[in-house]
Amino acid sequence: MLQLKSEQYPVCSLDSGGFKPEPAVFVVFGATGDLSHRKIFPALFDLFLGGILPEDLLMVGFARKDLDHKKFREGLRQGCASFARAAAFDEEQWKRFSSRVYYLRSDLEDSRGYVRLADVLAGRENGFFKAIDAIPKNILFYLAVGPEHFGTISDRLGEAGLGSRRDRGGQRAAPGVKSAPRQGWRRLVVEKPYGRDGESAKELTAVLQRSFAERDIYRIDHYLGKETVQNLLYLRFANSVFEPIWNRHHIEAIDISVFETVGIGDRGGYYDSAGAARDMLQNHLIQLMCLTTMEPPASLDPENIHNEKVKVLQSIAPYSPASLLARALRGQYVRGVDAEGRSLPGYREETRVKPDSSTETYVALTLELDNWRFAGVPIRLRTGKAFASKFSQIVIHFKKPPAALFTAQCGESLINNTLTIQIQPNEGVWLRFNAKIPGMSAIKANELRFSFKEVSEYLPEAYERLIADALAGDSTLFIRADESQQAWRIVDTLEAAWAKADPGAPPAKGGLLFYPAGSPIPEIGS
Ligand code: BG6
């Protein structure tokens, strides 16, 4: 185990372009839904407890349920008590936090709701924000609703003069730039799924851009908010030991894996028309690949980072459908048992799943980048549900040393060096290396393990970071429209090839593999 003496080292706090959460009204659409209840408001509460939320932030829930401010707060209280990170629920703090939470009841379609929202935000409705002297001018709209509502809400906001495009009556200010006193910024945070394919993502972007300028649109990929994912840039570019070997000369392969123990639960309605490639590969896995392989950006400016990620995606060869099929595997879980011997349902038995569905719950895809740094290095992306263990990790496999000395004698038993970036659980970085066995002329692999938990009492939730960044105008951890579009290019080709393939065909020709729920993680290539 690597013994860290971190207290003896200085801390360097980054001046990330002066980004700091700014006072705003935080409006949540779908405020009574699961995401608000489990993630958004608990994250806001944690940010409040941590002193990160601006004191004068106001929060408004916008949803169709017939509630008043008080009842809405009561509902949130339970979510925050169960899901916020804070060890013990502090009543006093909750009172202070919830006194800044309000509720506006409206149908998501009904333009009158948006006109009223505009009145409320402009302070034209007396008595809505009780005991609040000043309403912040900045407004953040958070779309925690199903994707079918994204366009409607954005359009209605634009029509009500709440968008950020001046030509639609909206107002905008550049991120990080202090707004003129009476002119606040307007930002739109959009949850996933962002489109069902490239075409629909493009259409959605065009709709959102009718009311909001691209730089005011924040597309969420919650993986980017995870501390261990953010650490990728720090690990690669704040150290001099990794970067010189981070290329095809030294790296043999890269594995990016996200496995889950849960099945699809009650999300059959959405999942059956999505599948693992759309749900996980198009966003989380491809984003991890970009951060692992991109060139150093010119600076930490968000646009520079987005540009480098786009370059990675542009360098993925335009695979033909047949070659993509040969590089991919798709699978679906069938009835199985978990480690305790409890029976687990098969995918086709889940609610709102077609009984003959060929939707994949497991996908493996090997890509190669046609660029100078990584040409010829296989990047194996794998994700699946209902497996025996849950973990997300990136493993960099380094090449073996030259044959002289040890490799020639040991052959396969001389293990390659690997660097594992463990995203979750047991967040950390592990280096595998060979060492002598004391007292013997023999070699064995060992691991240096760095664990974030050893150096930090807590790891903030992804949503805390993302919400704070959106309030600060820092889009680094969000997805720009062209990134999403480029990622769809790959997934669209794969989906089209699968749609034509016979699910009963051999796996390399697009056939569907069946695996029992609770199966061990498959070997690479199976
Ligand atoms: C979501 C997917 O984006 O990520 C889910 O829609 C998946 O299907 C989830 O379960 C996994 O996230 P995490 O943070 O638990 O790895």
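These figures come from a predicted structure and were not determined experimentally.

Visitor: Would you take a moment to explain helix H10 (residues 302-314) for this structure?
Guide: For an α-helix the count is 3.6 residues per turn, leaving residues at separations of three or four pointing the same way. For H10, built from 13 residues, the straight-helix expectation of 18 Å at 1.5 Å per residue is met to within 8% by its first-to-last C-alpha distance of 18 Å. Every buried residue of H10 is accounted for by Pro302, Ile305, His306, Glu308, Lys309, Val310, Val312 and Leu313. On its buried face, H10 is in contact with helix H7 (227-237), helix H9 (276-293), strand S17 (478-479) and helix H15 (481-500).

Visitor: What is the right way to look at the site of the ligand in this model?
Guide: In the vicinity of the ligand, the contacting residues are Lys192, His222, Tyr223, Lys226, Glu260, Arg267, Asp279, Met280, His284, Lys385, Lys390 and Gln424. A distance of 2.8 Å is found between an oxygen atom of the ligand and a side-chain nitrogen or oxygen belonging to arginine 267. Measuring from an oxygen atom of the ligand, one finds a side-chain N or O atom of glutamine 424 at 2.8 Å. In terms of residues, the shell around the ligand owes the most to one element, H9, which gives three residues. Here the residues of the shell around the ligand sort into two nonpolar, three polar and seven charged.

Visitor: I tried to follow unusual backbone geometry on my own but got confused; where do I start?
Guide: Most peptide bonds are trans, and most residues other than glycine sit at a negative phi. Cis geometry marks the peptide bond from lysine 192 to proline 193; its omega dihedral reads 0 degrees. By secondary structure assignment, the location of proline 193 is in the loop between strand S5 (186-190) and helix H6 (198-211). With an omega of -20 degrees, the peptide bond running from glutamine 424 to proline 425 counts as cis. Relative to the elements of secondary structure, proline 425 occurs in the loop between strand S14 (418-424) and strand S15 (428-436). Unusually for a residue other than glycine, arginine 352 sits at a positive phi of about 60 degrees. Structurally, arginine 352 can be placed in the loop between strand S10 (343-344) and strand S11 (362-367). Judged by relative accessible area, which is 59%, arginine 352 ranks as exposed. Phi angles above zero are rare outside glycine, and alanine 386 is one such case at about 60 degrees.

Visitor: Help me understand the pairing of S15 in this model?
Guide: Each regular strand shows side chains that alternate between the opposite faces of the sheet. Note that S14 and S15 share five bridges and pair antiparallel. The partner of glutamine 422 across the bridge, within S15, is glycine 428. Adjacent in sequence and paired antiparallel, S14 and S15 are bridged by three residues, among which asparagine 426 carries a positive phi angle near 50 degrees. Counted along the chain from S15 to the antiparallel partner strand S16 (residues 443-451), the turn is six residues long, and its residue glycine 439 has a positive phi close to 80 degrees.

Visitor: Would you explain the side chain of aspartate 279 in this entry?
Guide: Tracing the chain through its elements places aspartate 279 in helix H9. Among all residues touching aspartate 279, those that are not within four sequence positions of it are Lys192, Arg267, Tyr270, Tyr271, His284 and Lys385.

Visitor: I keep staring at the nonpolar core and nothing clicks. Help me out?
Guide: Among soluble globular proteins, nonpolar side chains are generally buried collectively. Phe26, Phe29, Phe141 and Tyr142 are the most contacted members of the largest nonpolar core, which totals 143 residues. With 10 residues, H9 is the largest single contributor of residues to this core. If we skip the residues at most four places from it in the chain, phenylalanine 26 touches Ile40, Leu44, Leu57, Leu58, Met59, Val60, Leu140, Tyr142, Ile467 and Leu471.

Visitor: Would you take a moment to explain the sheet that holds strand S7 (residues 251-259) for this structure?
Guide: Note on sheets: strands pair through backbone hydrogen bonds, and any given pair is parallel or antiparallel. The sheet built from nine strands is open, its strands ordered S16-S15-S14-S13-S7-S12-S11-S8-S18 with mixed pairing. Each edge of the open sheet is held by one strand with a lone partner, namely S16 and strand S18 (512-516). Shown here is a sheet whose adjacent strand axes are inclined to one another by a mean of 20 degrees, direction ignored. In this sheet, strand S12 (residues 379-384) lies alongside S7 in parallel orientation, the contact comprising six bridges.

Conventions and cut-offs
Residues numbered from 1 in each chain as written. Predicted model: local features only at pLDDT ≥ 70, side-chain atom pairs only at ≥ 80, totals over all residues. Heavy atoms only, no water. Helix = DSSP H or I, 4+ residues; strand = E, 2+ residues; numbered from the N terminus. Expected span 1.5 Å × (residues − 1). Buried < 20%, exposed > 50% of the residue type's maximum accessible area, 1.4 Å probe, protein only. Contact = heavy atoms within 4.5 Å. Near = heavy atom within 4 Å. Polar contact = N/O pair within 3.5 Å; in protein donor to acceptor, adjacent residues only side chain to side chain. Nonpolar A, V, L, I, M, F, W, Y, C, P; charged D, E, K, R; others polar. Pairing = 2+ DSSP bridges. Core = buried A, V, L, I, M, F, W, Y, C linked by side-chain atoms within 4.5 Å. Axes fitted to C-alpha atoms, helices over the stretch in contact; angles between N-to-C directions.

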